[in-house]
Amino acid sequence: FTGLVLPYMDTVLLTFMKGVESVAYYNIVLPSAKIIMILTFPLFNLLSPIVMNLFHKNKIRELSALATFVYNNFLLFILPIAITLFVFSKEIIILIFGAKYIQASLALKIYVLFSIFLFLRIFNFTFLGSIGQAGYASKVLWIGAGANVILNLILIYFFDYTGAVVAIGLTFVLMSYLTARHLKKKIKINIDYKQQFKIIGAGAIFLLVAALLENYLHFPWKLGILLEGLDVLGVGSIVYLSLLVAF
């Protein structure tokens, strides 16, 4: 029940506090940023039966290795996509919804950054549910719902629909933290912090390259935005992977 209510709670509060125009901007941001989730959901569908199989066979070492692999490498795949969406936030909104909604681009940038924690939250929930910890995951959903209401009441008042985006983003962070902490109590996860810093550093260079290319690449037709994005993703990924290999 909570999992169904949570995505709509901020919309309801936004409607009452600021009106339908703010809701329209907010509902532009969420589907635009969910491109990352569309690309990763098939992985979660594969993950659940694998984890359940390992858990029922009591293969704790393999479960630990799987969770460790995901934690140490998820940024490697998520970061290039997130950075490309971050840089092309204005263009994405113009392409899909029109130029009159361009002011929602800042909120989209913020949501894209928080989507990294959305990925972690979904992974943790999937993993916990597959090892018999669905009850704790449900508890975290209720905690997240309560936190989301409080954050929305404060942030929507001051920052309108952008505040709603920050509220749901902070809720993702909270639920990711709580589920990660509980997961680490059940299985050993060895996080390679050196690798994480290396990925983040390479991602910063990717962001610089993407921002420069976005300023210089301009295709004259409407769907040229897609080509620009693919070019930036391609060139940036080459630089990104080269840095990771080099260092």
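Look a little higher up for the structure.
This report concerns the structure included in the present document. (Residues numbered from 1 in each chain as written. Predicted model: local features only at pLDDT ≥ 70, side-chain atom pairs only at ≥ 80, totals over all residues. Heavy atoms only, no water.)

Digging into the overall build of the chain
Point 1. Helix and strand counts for the chain stand at nine helices and zero strands.
Point 2. In sequence order, the chain lays out its α and β elements as α-α-α-α-α-α-α-α-α.
Point 3. If one aligns the C-alpha atoms of the chain with their principal axes, the spans along those axes are about 60 × 50 × 25 Å.
Point 4. Buried residues in the chain amount to 49% of all 247 residues.
Point 5. Counted over contacts in the chain with a minimum sequence separation of 6, partners at least 24 positions apart contribute 79%.
Point 6. Between the averaged position of the 18 positive side-chain charges in the chain and that of its 9 negative side-chain charges there is a distance of 16 Å. (Helix = DSSP H or I, 4+ residues; strand = E, 2+ residues; numbered from the N terminus. Buried < 20%, exposed > 50% of the residue type's maximum accessible area, 1.4 Å probe, protein only. Contact = heavy atoms within 4.5 Å. Lys, Arg positive; Asp, Glu negative; His and termini not counted. Charge placed at Lys NZ, Arg CZ, Asp CG, Glu CD.)

Side note on the packing of aromatic side chains
Point 1. The final tally for this structure, using the stated rule, is nine aromatic pairs.
Point 2. Here the aromatic rings of Tyr-25 and Tyr-101 are separated by 5.6 Å at their centres, their planes lie at 75°, and the arrangement is edge-to-face. With Tyr-25 in helix α2 (residues 20-33) and Tyr-101 in the loop between α5 (89-97) and α6 (105-130), the pair connects residues that are 76 residues apart, well separated along the chain.
Point 3. Accessibility expressed as a relative area gives 22% for Tyr-101, which makes it partly exposed.
Point 4. Both rings, one in Phe-74 and one in Phe-119, keep their centres 5.5 Å apart while their planes meet at 5°; by these two values the pair is stacked. (Phe/Tyr/Trp six-rings, centres within 6.5 Å; stacked < 30°, edge-to-face > 60°.)

Quick word on the environment of Val-23
Point 1. Residue placement: Val-23 occurs in helix α2.
Point 2. In this structure the C-alpha to C-alpha distance between Val-23 and Ser-64, which are 41 residues apart in sequence, comes to 42 Å.
Point 3. Among all residues touching Val-23, those that are not within four sequence positions of it are Thr-11, Leu-14 and Thr-15.

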